[in-house]
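As a plain string of letters, each chain reads:
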Amino acid sequence: MSNKASTQKNKMWGGRFADQPDAVMEAINASISYDKRLWRQDIAGSKAHAAMLAHKNIISKQDYVDILKGLDQIVDEIETDKFTFSAALEDIHMNIEQRLTEIIGPAAGRLHTARSRNDQVATDTKLWLRDVTDHTIKLLTDIQKIILKRAEDYADAVIPGFTHLQTAQPVTFGHHLMAYYEMFERDKTRFIDARARANESPLGAAALAGTVYDTDRFMTAEALEFDRPSRNSLDSVSDRDFALEYMAAAAIAAGHMSRFAEEIVIWMTPQFGFVSLSDQWTTGSSIMPQKKNPDAAELVRAKTGRINGNLIALLTVIKGLPLAYSKDMQEDKEALFDTVDHLELALTAMRGMLSDLKANTDKMRHAANAGFSVATDLADWLVKSLGLPFRQAHHVTGALVKYAEDHNLTLDQIPLAEMQKIEPNITEDIYHVLTVDASVAARQSYGGTAPDQVRLQIKERKLCL
């Protein structure tokens with residue numbers, strides 16, 4: 001085979017490569033199977049770049065018109081499933097460029113003037129991730145709105161609060177739900193911050209060193225609604241912080257959802273029976289007809305492992321790379337895309353479950369009354385009413401709990417005479433604090449579990465959405 005024939009056959013790399021790549025090389029090198037989802041962003045970037053080249057007289061006005069017309073035709077072909085994606089052309093950039101060449105001829109080759117696939121892919125991914133981040137923030141906001149409504153519904157409902165999964169103190173269910181509101185609020189701010197840092201345009205940084213052409217990177221940045229062009233060409237093409245920041249925020253958000261999902265799983269057991277989900281968000285058993293399994297919650301919980309794994313995978317890819325671009329960085333997209341897909345699926349499922357969830361307030365109240373949950377209130381009364389040092393009050397309360405446990409009583413069922421054997425100065429007023437309602441109502445500190453405080457939290461947060 002002549003060199004000319006070989007070169008014609010290997011169009012991507014021109015005269016440097018005489019032979020076609022091995023089939024395995026083609027398979028490991030190609031990314032079109034997953035990066036084709038960037039086609040809209042790739043075309044948007046190309047249009048902005050072409051407009052700048054024409055404005056700076058780097059390409060002719062006619063070439064610019066032809067390029068726009070060809071790109072619009074490609075948009076139509078992709079939207080109508082008439083576009084053929086080829087693994088031999090590696091990625092979305094070369095697939096679009098090759099088709100543009102078929103449509104408009106040599107003018108297509110001028111589009112790549114003053115840019116590289118290195119800055120092109122970074123630009124495309126940032127554009128795509130910017131839109132994704134906005135959608136993620138919207139999903140989190142949707143969940144928060146539902147939490148506010150459910151917290152308002154259950155502002156007075158008493159539920160046991162746990163530490164070490166042991167009964168600690170009674171809280172209100174509304175207060176418990178609002179704890180997750182705060183977690184998701186922090187998640188939102190992380191995504192908002194990450195989006196702001198990502199909103200710098202790499203376009204025009206070229207391969208790594210900038211370009212010899214008289215380009216205007218501020219023009220393309222403005223056209224693509226970036227805040228500004230990135231400041232260093234080496235950093236522009238080697239930076240993947242924008243992907244890592246989204247994935248880190250996603251991992252934390254997934255962790256929050258996993259904690260909530262775990263509580264739903266526990267609360268749905270017959271042993272707890274605090275909440276129920278409808279048939280829309282549960283499944284049955286193939287062998288045990290009585291079962292109603294919280295599979296949606298379990299799968300939300302499981303997504304955390306996948307999302308965490310993607311973050312670690314990309315951190316590991318990036319950690320040893322010298323500047324500037326290395327092909328290792330192609331591995332960013334599968335991990336990022338997978339994280340986005342599964343985070344948004346989990347958020348959507350969580351939104352559905354929270355809308356569907358029904359609380360069994362009677363069971364919650366019964367459980368809140370068990371386990372000596374008002375013991376801390378007893379100790380606080382001893383401090384406030386009798387002036388005992390807290391450590392002494394703690395000791396007295398522990399002795400009263402032991403008496404109640406030995407006699408199968410709740411604290412408010414201990415006769416006053418028996419209490420006075422342990423602490424002679426106790427009066428009948430002690431019984432006023434030994435109910436779960438009194439316990440939660442007394443916790444009026446800002447951010448506390450008292451129904452009034454919960455409603456204040458809800459009111460404040462409604463103003464933020």
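Read on for an overview of the structure.

Rules used throughout
Residues numbered from 1 in each chain as written. Predicted model: local features only at pLDDT ≥ 70, side-chain atom pairs only at ≥ 80, totals over all residues. Heavy atoms only, no water. 1 Å grid on protein atoms, 1.4 Å probe; cavity = no way out; pocket = protein on both sides within 12 Å on 5 of 7 lines; lining within 4 Å. Points joined across faces, edges and corners; volume = space filled by probe spheres on them. Helix = DSSP H or I, 4+ residues; strand = E, 2+ residues; numbered from the N terminus. Nonpolar A, V, L, I, M, F, W, Y, C, P; charged D, E, K, R; others polar. Core = buried A, V, L, I, M, F, W, Y, C linked by side-chain atoms within 4.5 Å. Buried < 20%, exposed > 50% of the residue type's maximum accessible area, 1.4 Å probe, protein only. Contact = heavy atoms within 4.5 Å. Polar contact = N/O pair within 3.5 Å; in protein donor to acceptor, adjacent residues only side chain to side chain. Arc of directions from axis to C-beta. Pairing = 2+ DSSP bridges. Phe/Tyr/Trp six-rings, centres within 6.5 Å; stacked < 30°, edge-to-face > 60°. Lys NZ or Arg CZ within 6 Å of the ring centre and 35° of its normal.

Turning our attention to the layout of surface pockets. The computed volume of the second largest pocket comes to approximately 350 Å³. Around the second largest pocket sit Pro160, Gly161, Phe162, Val171, His175, His176, Ala179, Tyr180, Met183, Arg259, Glu262 and Glu263, which together line it. Here the element with the most residues in the lining of the second largest pocket is helix H9 (residues 173-198); it accounts for five residues. Counted by class, the lining of the second largest pocket contains six nonpolar, three polar and three charged residues.

Here we take up the nonpolar core. Counting residues in hydrophobic clusters, the biggest one holds 92 residues, and the most contacted among them are Ile147, Phe173, Phe191, Tyr246, Phe260, Leu343 and Met350. Per-element tally for this core: the top contributor is helix H12 (residues 241-267), with 16 residues. Not counting the four nearest positions on each side in its chain, Leu343 is found in contact with Thr136, Phe191, Tyr246, Ala250, Ala253, Ala254, Met257 and Ile307. Among the nonpolar cores identified, the runner-up in size contains 23 residues, and Ala375, Val396, Leu411 and Ile430 belong to it.

Turning to its location among the elements, Lys36 is positioned in the loop between helix H3 (32-35) and helix H4 (39-55). Accessibility expressed as a relative area gives 36% for Lys36, which makes it partly exposed. Taking the C-alpha atoms as reference points, Lys36 and His93, 57 residues apart in sequence, are found 8.8 Å from one another. Once you skip the residues sitting within four places of it in the chain, Lys36 turns out to touch Phe85 and Ile92.

To continue, consider the side chain of Arg150. Inspection of the secondary structure puts Arg150 in helix H8 (residues 117-153). A polar atom in the side chain of Arg150 sits 2.8 Å from the backbone oxygen of Leu357. Not counting the four nearest positions on each side in its chain, Arg150 is found in contact with Leu177, Leu354, Ser355, Asp356 and Leu357.

All of the buried residues in helix H15 (residues 361-369) are Met364, Ala367 and Ala368. Looking straight down H15, one finds its buried side chains confined to an arc of 100°; they lie on one side. Summarising the geometry of H15, the exposed residues directed more than 90 degrees from the buried face are Asp362 and His366. Buried residues along H15 sit in contact with strand S1 (158-163), H9, strand S5 (275-276), strand S6 (358-359) and helix H19 (436-442). Just beyond H15, the residue with positive phi is Gly371, at close to 75°.

Moving on: the pairing of strand S2 (residues 166-172). Looking along a regular strand, one sees the side chains alternate between the two faces of the sheet. Inspection of the sheet shows S1 paired to S2 by six bridges, in the antiparallel sense. Along S2, the bridge assignment pairs Ile159 with Val171. Following S1, the chain reverses through two residues before pairing antiparallel with S2; His164 in that reversal takes a positive phi of roughly 60°.

Our focus in this paragraph is the packing of aromatic side chains. Per the counting criterion, the structure on display carries eight aromatic pairs. With a centroid separation of 5.0 Å and 55° between ring planes, the pair formed by Phe191 and Tyr246 is classed as tilted. Taken together, the residues Phe191 in helix H9 and Tyr246 in helix H12 connect sequence positions 55 residues apart. Of the two residues, Phe191 and Tyr246, neither departs from the other in class, the shared state being buried. Taking NZ or CZ as reference, Arg37 lies 4.5 Å from the ring centre of Phe337, over its face.

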